[in-house]
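Reading the structure
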Amino acid sequence: MKRVLCLIAAAVLLASTAGAQAPAGGQKIALATSMQRAYSAIKQNLTEAADKFGDADYSYRPSPEIRPYGGQFGHVANYHYIVCSAAKGEPNPNQGNDLEKKTTKAEFVKALADSFAYCDAAFAALTDANALESVKQGQNEVTRAGLLMNILTHDNEEYGVVTVYIRTKAMVPPSTERSMRGRGMGRQ
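Basis of the calculations
- Residues numbered from 1 in each chain as written.
- Predicted model: local features only at pLDDT ≥ 70, side-chain atom pairs only at ≥ 80, totals over all residues.
- Heavy atoms only, no water.
- Salt bridge = Lys/Arg side-chain N within 4 Å of Asp/Glu carboxyl O.
- Helix = DSSP H or I, 4+ residues; strand = E, 2+ residues; numbered from the N terminus.
- Buried < 20%, exposed > 50% of the residue type's maximum accessible area, 1.4 Å probe, protein only.
- Polar contact = N/O pair within 3.5 Å; in protein donor to acceptor, adjacent residues only side chain to side chain.
- Contact = heavy atoms within 4.5 Å.
- Expected span 1.5 Å × (residues − 1).
- Arc of directions from axis to C-beta.

A short note on the pattern of salt bridges
Per the stated rule, a full pass over the model turns up 7 salt bridges. Of the charged contacts, one joins Glu177 and Lys52 as a salt bridge, the two residues approaching to 2.8 Å between their closest N and O atoms. Pair noted here: Glu177 is in helix 6 (residues 174-182) and Lys52 is in helix 2 (residues 31-52), with a separation of 125 residues, a long-range link. For Glu177, a relative accessible area of 14% puts it in the buried group. Its salt-bridge partner being Glu100, residue Arg67 comes within 2.9 Å of it at the nearest N-O pair. With Arg67 in the loop between helix 2 and helix 3 (69-88) and Glu100 in the loop between helix 3 and helix 4 (105-124), this residue pair connects regions lying 33 residues apart in the sequence. Judged by its relative accessible area of 27%, Glu100 falls in the partly exposed class.

Below, the structure is given as structure tokens:
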């Protein structure tokens, strides 16, 4: 049930992203393009969020039960390698390397950037023709689009978590900053 709800939420996200970026005259935006646009948007959000805190705040936890700020980005990076390696049909190049255990902002920012660079090729290679092809993930076979949709869903969930860290430090998340600038409202 949770998986179905996540897929529905991701589909709504893709539809809203595609609609928001359609030119005035309208155009037909296909699955692969919608997913690539959504990937670009969440990549920007997470990358800018990673730059929000200084090095000293990368160990910050709003609650002792959750990951530190830096650990959130290490977690995202770990997940990228797991999913994108399956989408690419190759072994995980990060196998056995827990990026959550990095300690400095520079290390976390680099790990996140490297993981996005690794996933960039998987999203760039996505076409409407190959989106429904089956790829191996563990013991299962899943569609390439379904697999990459997991990145979009997971990254958006993690960005939501990261915004809580940012807000508890009386800062504004990157997506909100851009939205407010677009409305001429400055920082909120």
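Let's talk about the side chain of Asn78
For Asn78, the location among the structural elements is in helix 3. With a relative accessible area of 13%, Asn78 lands in the buried category. At 3.0 Å, the side chain of Asn78 and the backbone nitrogen of Leu99 are in polar contact. Setting aside its immediate chain neighbours within four residues, Asn78 contacts Asn94, Asn97, Asp98, Leu99 and Glu100.

Observations regarding helix 2
The first and last C-alpha atoms of helix 2 sit 32 Å apart over 22 residues, in line with the 32 Å expected at 1.5 Å per residue. Along helix 2, the residues that are buried comprise Ala32, Ser34, Met35, Ala38, Tyr39, Ile42, Asn45, Leu46, Ala49, Ala50 and Lys52. All buried residues of helix 2 lie within an arc of 165 degrees about the axis, which places them on one face of the element.

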